[in-house]
Amino acid sequence: MTDWRSYFLAIALLVLGAQSVWAEGVEEYRVKSALVLNFARFTDWPAGALGGEDTPFNVCVMGEAHLAKDFEFLEGKHIGARPVVVIVDASLEQSIACQVIFVAGADREKLPRLFSAIYGRPILTIGEMSTFTDSGGMVNLVNVNGRLKFIVDLQNLHASKMNMSARLLKLAYAVKSG
């Protein structure tokens, strides 16, 4: 199979899989954790931002400690050659060492401090509250008519010198550019 076909198939499975799994009643955060992994796989970081090939790829979960069981299956997966390490209930200090931060719940009060601390750093931020991208987040997971969709804010993504696959962006429910 050619590279572009493999790439397209992976993206299609990302979106279609999330929709069908969501419909079958699999736990919501298990689906979201799989999406977090796949968003990371289809994101381009600036050269040198991820460290060496043996450097762990840190996925931090902020906001809800009970999500540990839904994100623990990411442990041992890989982003490229880098092993994924999950840090649940991450503190603001820990978040600076993360490559991806998933902000669970609707606690808007913590967002200004978080986004101020990581502004300009190559850290992919993914959330699930209505104003997440308006507050500085990059990807927002939303439920639209019972289906899990995502919104991408390119301005926030580009502020950290990161980019996302154009094919993945075509699958977004909405793409904000400024």
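Structure shown above.
Description of the structure in this document. (Residues numbered from 1 in each chain as written. Predicted model: local features only at pLDDT ≥ 70, side-chain atom pairs only at ≥ 80, totals over all residues. Heavy atoms only, no water.)

### Here's the deal with the overall build of the protein chain
Stated precisely, the cut-off is as follows: Starting at the N terminus, helices and strands are each numbered in turn, a helix being any DSSP run of H or I of at least four residues and a strand any DSSP run of E of at least two. Only protein chains enter the area calculation, which uses a 1.4 Å probe; residues under 20% of their type maximum are buried, those over 50% are exposed, and those in between are partly exposed. We call two residues contacting when some pair of their heavy atoms lies within 4.5 Å. To be clear on the numbers: accessible area is Shrake-Rupley with a 1.4 Å probe, and residue cover counts the displayed protein chains and nothing else.
In terms of regular secondary structure, the protein chain is built from 8 helices and 10 strands. Counting only residues that meet the buried cut, the protein chain has 45% of its 178 residues in that class. The long-range fraction of contacts in the protein chain, counting pairs at least 24 apart against all pairs at least 6 apart in sequence, stands at 59%. Here the protein chain has roughly 8,700 Å² of accessible surface; of this, 53% comes from carbon and sulfur atoms.

### Description of the side chain of Ser95
Here Ser95 shows up in helix H4 (residues 92-95). Setting aside chain neighbours within four positions, we find Ser95 in contact with Cys60, Met62, Ile101, Leu114, Ile118 and Ile123.

### Details of helix H2 (residues 28-41)
Given 3.6 residues per turn, any residue in an α-helix points the same way as the ones three and four places further on. Applicable threshold: Take the residue count of a helix, subtract one, and multiply by 1.5 Å to get its expected span.
Taking 1.5 Å of rise per residue, 14 residues should cover 20 Å, and H2 covers 20 Å from first to last C-alpha, within 8% of that figure. Summarising burial for H2: 10 of the 14 residues are buried, a large majority. Along H2, the residues that are buried comprise Tyr29, Val31, Lys32, Ser33, Leu35, Val36, Leu37, Asn38, Phe39 and Ala40.

### Things to note about unusual backbone geometry
If you check the backbone angles, Asn145 has positive phi at about 55° while not being a glycine. Examined against the element boundaries, Asn145 turns out to sit in the loop between strand S7 (139-144) and strand S8 (147-153). Residue classification places Asn145 among the exposed residues on the basis of a relative accessible area of 78%. Of note in the backbone geometry, Lys161 takes a positive phi value of approximately 60° without being a glycine. Note that Lys161 resides in the loop between helix H7 (154-159) and strand S9 (163-164).

### Observations concerning the sheet that holds strand S5 (residues 100-103)
The condition is simple: Should DSSP find at least two bridges between two strands, the strands are taken to pair. To obtain each axis, a line is fitted to C-alpha atoms, and for helices this fit is confined to the stretch in contact; angles are then taken between N-to-C directions over 0 to 180 degrees.
Read from one edge to the other, the open sheet built from 8 strands follows the order S3-S4-S2-S5-S6-S7-S8-S10, with strand pairing classed as mixed. Each edge of the sheet is formed by a strand with only one pairing partner; in this case those strands are strand S3 (78-79) and strand S10 (174-176). Taken together, the 4 bridges between S5 and strand S6 (residues 124-127) define a ladder with parallel strand orientation. The residue bridging Ile101 from the neighbouring strand is Thr125, located in S6. Taken strand by strand, H2 contacts strand S2 (57-62), S3, strand S4 (82-88), S5, S6, S7 and S8, and its axis lies near 150° from that of S5. Against the sheet, helix H5 (residues 111-118) makes contact with S2, S5 and S6, and its axis sits at roughly 175° relative to S5, the strand it touches most.

### Points about the pattern of salt bridges
The cut-off we apply is this: Any carboxyl oxygen of Asp or Glu that lies within 4 Å of a side-chain nitrogen of Lys or Arg is treated as forming a salt bridge with it.
Scanning all chains against the criterion turns up 5 salt bridges. Residue Lys32 pairs with Glu28 through a salt bridge whose shortest N-O separation is 2.6 Å. With Lys32 and Glu28 both in helix H2, this residue pair falls 4 residues apart, about one helical turn. Taken together, the shared-partner salt bridges in this structure form one network comprising Glu27, Lys69 and Asp70.

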